[in-house]
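# Structure at a glance
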Amino acid sequence: MNPWRELRRLGATTPPQPLAARQWAWLRACLARNANCAYGRAHGFAAIESVADYQARVPIIGFDAIAGDIEEMTHGAAD
């Protein structure tokens, strides 16, 4: 089976984007959806324009660092 022929049959008009482009599109969408939450504001999600920006602004953390925020959300806290 030719995968491009199958994709065209399903309606695709161009080959899929390279993996890095798809990953960046997904991350950008997540950042946009969460730019106004407390964590997003604290780490400048709205100003992130690249993977390097994300890596520089958003620290690697463990669950304990956000457990309180998650607990608040389970009780209805917005953003």
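All of these numbers come straight from a predicted model, not from anything done at the bench.

With that settled, the discussion passes to the overall build of the protein. Assigned secondary structure in the protein consists of five helices and zero strands. Moving toward the C terminus, one meets the helices and strands of the protein in the order α-α-α-α-α. At 18 Å, the protein has a C-alpha radius of gyration far larger than the 12 Å of a compact globule built from 79 residues. In terms of overall dimensions, the protein has a C-alpha envelope of 50 × 30 × 20 Å along the principal axes. Out of the 79 residues in the protein, the part that is buried amounts to 15%. Contacts in the protein between residues at least 24 apart in sequence constitute 25% of all its contacts with a sequence separation of at least 6. Averaging the locations of the 8 positively and 8 negatively charged side chains of the protein gives two centres separated by 19 Å.

What follows is about helix 2 (residues 19–33). With 15 residues, helix 2 should cover 21 Å at 1.5 Å per step; its first-to-last C-alpha distance of 21 Å lies within 8% of that length. Considered for burial, the residues of helix 2 that qualify are Trp24, Leu27, Cys30 and Leu31. Projected down its long axis, helix 2 carries its buried residues within an arc of 125°, all on one side. For helix 2, the exposed residues lying more than 90 degrees away from the buried face are Trp26, Ala32 and Arg33. Next to the buried residues of helix 2 lie helix 4 (51–57).

A separate point is the environment of Gly11. Along the chain, Gly11 falls in the loop between helix 1 (3–9) and helix 2. Residue Gly11 is classed as exposed on the basis of its relative accessible area of 51%. Placed 41 residues apart in sequence, Gly11 and Ala52 show a C-alpha to C-alpha distance of 34 Å.

Conventions we followed
Residues numbered from 1 in each chain as written. Predicted model: local features only at pLDDT ≥ 70, side-chain atom pairs only at ≥ 80, totals over all residues. Heavy atoms only, no water. Helix = DSSP H or I, 4+ residues; strand = E, 2+ residues; numbered from the N terminus. Rg over C-alpha atoms; globule rule 2.2 N^0.38 Å. Buried < 20%, exposed > 50% of the residue type's maximum accessible area, 1.4 Å probe, protein only. Contact = heavy atoms within 4.5 Å. Lys, Arg positive; Asp, Glu negative; His and termini not counted. Charge placed at Lys NZ, Arg CZ, Asp CG, Glu CD. Expected span 1.5 Å × (residues − 1). Arc of directions from axis to C-beta.

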